[in-house]
Amino acid sequence: MTSPQPRPSIAQIPPYVAGKPPAPRADLTTYKLSSNENPYPPLPGVVEAALGAVQTMNRYPDMGSTALYEALSAKLGVPTEELALATGSVGLIYQLVQAFCDPDDEVVFAWRSFEAYPIAVTAAAARMVRVPVLADGRHDLDAMAEAVTARTRVVLVCTPNNPTGPAVTQAELDAFLAKIPPQVLVVVDEAYVEFVRMTDPVDGVATYRRHENVLLTRTFSKAYGLAGFRVGYAVGPAPLAGALRAVSLPFGVSGVAQAAAVASLEREPELLERVEALVAERDRVVAGLADAGWAVPEPQGNFVWFELGDRTLDYAKAADVVGIMVRPFAGEGARVTIAETEANDRVVDLVAKWVREGA
Ligand SMILES: *Cc1c(COP(=O)(O)O)cnc(C)c1O
């Protein structure tokens, strides 16, 4: 072979299947329920802050993202050296595999879970060890602890789990951490933490303070409604956060993203009202589905999971017909974002119809 060849693992990287937007229709409003985005438009003041940053696009952004680090430090009550900003938490996942894994090192995570995990692990030529979720969509933390070997460098705990929905409890996480050797990094992916409403929820910040091997990842993409701007952050002990910052892309987080994130943190009470409204809608959808005779795994994020097996693609097609675009995983099920009231009504009505027709 004479042409340049990428590492063999590059050919093995699975593609990221992005949630599709619905095709516009003349006869009805269509809704995108395929990417767990926030359906609300930006808060007043956030657009203005971003526009302010646009005026200086000829300059590099603040490479140290000073204002955003300070705002997060104040919000969380943690020193800035225990934070690492990145281009979304997908960026963080790439960085942590890069910083902690040599080729053939193992990364343990639940499956099905977030589809960026196999991509990031394979891109780094590390090995993924996927532990099936339980029948109710929860992590099998016992099996995950047992899957840890001398080659394991990282374990990813996705809570709430995308796409199945349930979250782990603090007691479950504590019991799990007690079994994990101290040299193994445990990443708690809290992309949907703002939506959690359960007994004994995980307190991520208190947890990483008690463990030198625990790191949290969070994002502005979901509750904060900034998916288009690519900004997320890790919280963890200074040596771990520092390793993530060391491998970060210089100037990765744009000035516009920094400004919008700072402005969003300043308007947190208003944002959290919207989160509350989405949580209420989630409860309403779960109740409506139960009335229709359909149970879903306990959703703790801004989405619900329909386990549909072979019928998944039929369901996705039927959803498209009524103007809602869902995220199907062929042969497994469909993930559906909680969004506008009208869209949520259609989700419930469609399932009720399926159940009535014995589909
Ligand atoms: C959406 C999501 C993320 C965050 O993605 P960004 O890169 O921050 O947009 C991370 N983890 C999970 C489980 C997600 O669903």
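What counts and how
Residues numbered from 1 in each chain as written. Predicted model: local features only at pLDDT ≥ 70, side-chain atom pairs only at ≥ 80, totals over all residues. Heavy atoms only, no water. Helix = DSSP H or I, 4+ residues; strand = E, 2+ residues; numbered from the N terminus. Rg over C-alpha atoms; globule rule 2.2 N^0.38 Å. Buried < 20%, exposed > 50% of the residue type's maximum accessible area, 1.4 Å probe, protein only. Near = heavy atom within 4 Å. Polar contact = N/O pair within 3.5 Å; in protein donor to acceptor, adjacent residues only side chain to side chain. Areas by Shrake-Rupley, 256 points an atom, 1.4 Å probe, with all protein chains shown as cover. Nonpolar A, V, L, I, M, F, W, Y, C, P; charged D, E, K, R; others polar. Domains from an automatic or database assignment. Buried area = accessible area lost by both parts, 1.4 Å probe. Salt bridge = Lys/Arg side-chain N within 4 Å of Asp/Glu carboxyl O. Expected span 1.5 Å × (residues − 1). Contact = heavy atoms within 4.5 Å. Axes fitted to C-alpha atoms, helices over the stretch in contact; angles between N-to-C directions. Parallel < 35°, antiparallel > 145°, perpendicular 65-115°, else oblique. Phe/Tyr/Trp six-rings, centres within 6.5 Å; stacked < 30°, edge-to-face > 60°. Disulfide = S-S within 2.5 Å. Pairing = 2+ DSSP bridges.

> Explanation requested: the overall build of the protein in the structure shown.
Of the regular secondary structure elements, the protein holds twelve helices and twelve strands. The C-alpha atoms of the protein give 21 Å as radius of gyration, which agrees with the globular expectation for 359 residues (21 Å, within 12%). With the principal axes as the frame, the protein shows a C-alpha extent of 55 × 55 × 50 Å. Considering the protein as a whole, with its 359 residues, one finds that 53% of them fall into the buried category.

> Just to check I follow, could you spell out the site of the ligand for this structure?
Taken together, 13 residues surround the ligand, and among them Y192, T219, S221, K222 and R230 come closest. The contact in question runs from an oxygen atom of the ligand to an N or O atom on the side chain of K222, over 3.2 Å. Between the ligand and the protein, one listed contact pairs an oxygen atom with a side-chain N or O atom of R230 at 2.6 Å. When isolated, the ligand has an accessible area of 380 Å², and the protein chains bury 95% of it. With three residues, the single largest contributor to the shell around the ligand is helix α3 (residues 88-100). The class makeup of the residues in the shell around the ligand is five nonpolar, five polar and three charged.

> Looking at this structure, I do not really get the domain arrangement of the protein. What am I missing?
Reports of interface size often rely on the accessible area that becomes lost once the parts have come together. Segmenting the protein into domains produces domain 1 (17-42 + 269-357) and domain 2 (46-265). Each of domain 1 and domain 2 has a C-alpha centre, and these two points are 25 Å apart. For the pair domain 1 and domain 2, the summed buried surface comes to about 2,100 Å²; carbon and sulfur atoms form 58% of the total. Considering only the side of domain 1, the residues that lose the most area to domain 2 are L271, Q300 and F303, jointly responsible for 26% of the buried surface there. Here domain 1 and domain 2 share three salt bridges between them. Among the salt bridges present, the one from E332 reaches R112, with a minimum N-O distance of 2.9 Å. Applying the counting criterion to the domain 1 and domain 2 interface returns eleven residue pairs in polar contact (both at pLDDT 80 or more). Breaking the side of domain 1 that touches domain 2 down by element, the ones donating at least two residues are α10 (268-291), β9 (303-307) and β11 (327-329). Looking at which element gives the most residues to the side of domain 1 that touches domain 2, the answer is α10, with six residues. Across the side of domain 1 that touches domain 2, the residue classes break down as eleven nonpolar, six polar and eight charged.

> How should α10 be read in this particular structure?
Since the α-helix packs 3.6 residues into each turn, any two residues three or four apart lie on the same face. With 24 residues, α10 should reach 34 Å at 1.5 Å per residue; the first-to-last C-alpha distance of 34 Å fits that figure. All buried positions along α10 are accounted for by E268, L271, R274, V275, L278, V279, E281, R282, V285, G288 and L289. For α10, the elements touching its buried residues are α2 (66-76), α9 (255-266), β9 and α12 (341-356). With its phi angle positive at about 90°, G293 sits one or two positions after the end of α10.

> Can you walk me through the packing of α3 against helix α8 (residues 238-246) in this structure?
A pair of packed helices can be characterised by two numbers: the angle between their axes and the separation between those axes. Put simply, α3 and α8 touch, their axes get as near as 9 Å, and they point 105° apart. Taken together, α3 and α8 sit at an angle that is classed as roughly perpendicular. Residues L92, Q95, L96, A99 and F100 of α3 form the contact with α8, whose own contacting residues are L240, A243 and L244. Of the residues assigned to the contact of α3 with α8, the class counts are seven nonpolar, one polar and no charged.

> Just to check I follow, could you spell out the packing of aromatic side chains for this structure?
For any two aromatic rings, the description comes down to two numbers: the centre-to-centre distance and the angle of the planes. A complete count under the given rule lists twelve aromatic pairs for this structure. Aromatic pair F114 and Y117: ring centres 5.6 Å apart, planes at 90°, arrangement edge-to-face. Across the pair, Y117 and F114 agree in class, each one buried. Centre to centre, the rings of Y315 and W354 are 5.7 Å apart; their planes meet at 85°, and the pair counts as edge-to-face.

> I'm lost on the state of the cysteines in this one. Help?
Linking two cysteines covalently via their sulfur atoms produces the bond known as a disulfide. Under the definition given, this model contains zero disulfides. Note on C101: no disulfide assigned, nearest cysteine sulfur contributed by C158 at a separation of 17 Å. Given a relative accessible area of 9%, C101 falls into the buried group.

> Sorry, what's going on with the sheet that holds strand β8 (residues 232-235) here?
The seven strands are arranged β2-β8-β7-β6-β5-β3-β4 in an open sheet whose pairing can be described as mixed. The outermost strands of the open sheet, each flanked by one partner alone, are β2 (83-86) and β4 (127-132). For this sheet the average axis-to-axis angle between neighbouring strands, irrespective of direction, equals 20°. In this sheet, strand β6 (residues 185-189) lies alongside strand β5 (residues 152-158) in parallel orientation, the contact comprising five bridges. Bridging from a neighbouring strand, V155 pairs with V186 of β6. Running over the sheet, helix α6 (residues 170-179) touches β5, β6 and β7 (214-219) and is turned about 160° from β6. Here α8 sits on the sheet and contacts β2, β6, β7 and β8; the angle it forms with β2, its principal contact strand, is near 25°.

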